[in-house]
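# Close look at the chain arrangement
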Amino acid sequence: MSFIIRKALIVYCSPAGSTERVARVLRGKIHSLGVPVDMIDLAHEPDIAFIISQLPAARDNLCFYIGSPVYGGYPVPPVMEFISRLPNAESGYSVPFVTYGGVTSGIALQLMGRALQERGYSVLGAAKVMAVHSIMPASDFPLGSGRPDGSDDRMIEDLALAVNAKLKLGNPPGLDLSVLAYQPEQIRSLHEKGDFESVRRCFVPLILNREACTQCGLCAEVCPVGALTLSPRLEIGASCISCYNCVRRCPEGAIAADLSSAFSRIRGAAEKFREQPETQIFI
């Protein structure tokens, strides 16, 4: 007996745009297969709570594609929070995907897959995709320059095709999540001992110059987690994920960070990890 999934829902967080690119490639391919598909950007959807409240009636007719950038080896908190708030499903389906800036994809897929399966969303496929490093575009030789590219896009389209083929089966087989624990033991154990907050403390700190702030609001507009407030003065809250969008967008230099100071450390980490294959799908 064939199984018909009524809709695909692509949910993602993409401060630098790479994860959104992958999401759009997925949407295009899924739509071409005749499956209705919607996208939700966690940074710009004003009422995530309402969307989640509407899911219980439809959760077993949806296949979730959930995407995150990798920061320090981990998925970003908005994505993990969204997964944690999903209603439990009896026969839900999911496809986690991540983009990473040429250093390591860490255990991001492993954590996302485990969290989705615990909510009842069998993992039918997954992907890690090489992307330009989000703080290095201004560098002369940024890690992951030009990625994702057409070759990466084609692999993502293959993932969508394979998942669609699985969904046509009467009982779609899920992945053995052990395949998402693909990192060498030394790297995997290193990341399993920490978490996102522990590595974020090592990121380049933000420097505020409140006297220069004109309260134009541009920084708040590009913050994917709503961490910036301007009244009565510029403040950055604890939800900041250090994406540095505010640094790049502020026209007055009221928010700064010495990103170039991290370039050599980032390159050293990439040399240490040497992750291969750079882009990979799991089906």
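That block above? That's the structure.
Residues numbered from 1 in each chain as written. Predicted model: local features only at pLDDT ≥ 70, side-chain atom pairs only at ≥ 80, totals over all residues. Heavy atoms only, no water.

## Concerning the pattern of salt bridges
In plain terms, the rule: We define a salt bridge as a contact between a side-chain nitrogen of Lys or Arg and a carboxyl oxygen of Asp or Glu at a distance within 4 Å. By definition, any uninterrupted DSSP run of H or I lasting at least four residues is a helix, any uninterrupted run of E lasting at least two residues is a strand, and each is numbered from the N terminus. Residue exposure (1.4 Å probe, protein chains only): buried if accessible area is under 20% of the type maximum, exposed if over 50%, otherwise partly exposed.
Scanning the model with the defined rule gives 13 salt bridges in all. Two residues, Glu-185 and Arg-188, come together in a salt bridge whose shortest N-O distance is 2.5 Å. Here Arg-188 and Glu-185 lie together in helix 6 (residues 185–192), a separation of three residues that amounts to about one turn. What makes Arg-188 buried here is its relative accessible area of 18%. A salt bridge links Arg-210 to Glu-235; the nearest nitrogen and oxygen atoms lie 3.1 Å apart. Placement of Arg-210 in the loop between strand 8 (207–208) and helix 8 (218–222) and of Glu-235 in strand 10 (residues 235–236) is noted, with a sequence separation of 25 residues between them.

## A closer look at the packing of helix 3 (residues 77–84) against helix 4 (residues 108–118)
Inclusion rule: For every element, the axis is a line fit to its C-alpha atoms; helices are fit only across the contacting stretch, and the angle between N-to-C directions ranges from 0 to 180 degrees. Here roughly perpendicular refers to angles of 65 to 115 degrees, roughly parallel to angles under 35, roughly antiparallel to angles over 145, and oblique to all remaining angles. For a crossing to be left-handed, the near helix must be turned anticlockwise from the far one by less than a right angle; the clockwise case is right-handed. Whether two residues are in contact is decided by their heavy atoms: any pair within 4.5 Å suffices. Polarity classes work like this: nonpolar for Ala, Val, Leu, Ile, Met, Phe, Trp, Tyr, Cys and Pro, charged for Asp, Glu, Lys and Arg, and polar for all others, with Gly in that last group.
The N-to-C vectors of helix 3 and helix 4 enclose an angle of 15°; their axes lie 9 Å apart at closest approach. In terms of orientation, helix 3 lies roughly parallel with respect to helix 4. Relative to helix 4, the crossing made by helix 3 is left-handed. Counting all contacts with helix 3, which are made through Val-79, Met-80 and Ile-83, the residues of helix 4 involved are Leu-111, Met-112, Ala-115 and Leu-116. Of the residues contributing to the contact of helix 3 with helix 4, the split by class is seven nonpolar, no polar and no charged.

## Concerning helix 6
The cut-off we apply is this: Working definition: the arc comes from the directions between the helix axis and the C-beta atoms, pointing outward to the latter.
For helix 6, the complete set of buried residues consists of Ile-187, Arg-188 and His-191. The buried residues of helix 6 occupy an angular sector of 95° when the element is viewed end-on, so they sit on one face. For helix 6, the elements touching its buried residues are strand 4 (74–75), helix 4 and helix 10 (263–273).

## What to know about the side chain of Arg-147
The criterion, for reference: Under the rule applied, a polar contact is a pair of N or O atoms within 3.5 Å (in protein, one hydrogen donor and one hydrogen acceptor; residues adjacent in sequence only if both atoms are side-chain atoms).
Take Arg-147: it is sitting in the loop between strand 7 (126–130) and helix 5 (150–167). For Arg-147, a relative accessible area of 18% translates into the label buried. Of the polar contacts made by the side chain of Arg-147, one reaches the side chain of Asp-152; its length is 2.7 Å. Within polar-contact distance, the side chain of Arg-147 engages the side chain of Thr-279 at 3.3 Å. Non-local contacts of Arg-147, meaning those with residues more than four positions away in its chain, are made with Met-130, Ala-131, Val-132, Asp-152, Glu-278 and Thr-279.

## Let's talk about the environment of Ala-269
Residue placement: Ala-269 occurs in helix 10. Considered as a pair, Ala-269 and Pro-205 are 64 residues apart in the sequence and their alpha carbons are 19 Å apart.

## Focus: the environment of Arg-154
Its place among the elements puts Arg-154 in helix 5. Under the relative-accessibility criterion, Arg-154 is labelled exposed at 52%. Along the primary structure Arg-154 and Met-39 are separated by 115 residues, whereas in three dimensions their C-alpha atoms are 20 Å apart.

## Thoughts on unusual backbone geometry
Note the cis peptide between Arg-147 and Pro-148, where omega equals -5°. Summarising the element assignment, Pro-148 is placed in the loop between strand 7 and helix 5. Looking along the chain, the bond that leaves Ser-231 and enters Pro-232 is cis, with omega of 0°. Structurally, Pro-232 can be placed in the loop between strand 9 (228–229) and strand 10. The residue Gln-215 is not glycine, and still its phi comes out positive at about 55°. Phi at Arg-274 is positive, roughly 45°, even though this residue is not glycine. With respect to the helices, strands and loops of the structure, Arg-274 is situated in the loop between helix 10 and strand 12 (280–282).

## Things to note about the pairing of strand 3 (residues 62–71)
Quick note on the threshold: We call two strands paired when DSSP finds no fewer than two bridges between them.
Burial analysis of strand 3 places ten of its ten residues in the buried class, the great majority of the element. Burial along strand 3 is two-sided: the face carrying Leu-62, Phe-64, Ile-66, Ser-68 and Val-70 and the face carrying Cys-63, Tyr-65, Gly-67, Pro-69 and Tyr-71 are both buried. Where strand 1 (residues 7–12) lies against strand 3, six bridges are found, and the strand directions are parallel. Among the inter-strand pairings, Ala-8 is bridged to a residue of strand 3, identified as Cys-63. Here strand 3 runs beside strand 5 (residues 92–100); their pairing, made up of seven bridges, is parallel. What sits directly across from Pro-69, in strand 5, is Thr-99. In the sheet, strand 3 pairs with strand 4 via two bridges, with the strands oriented antiparallel. Paired with Tyr-71 across the two strands is Tyr-74, which belongs to strand 4.

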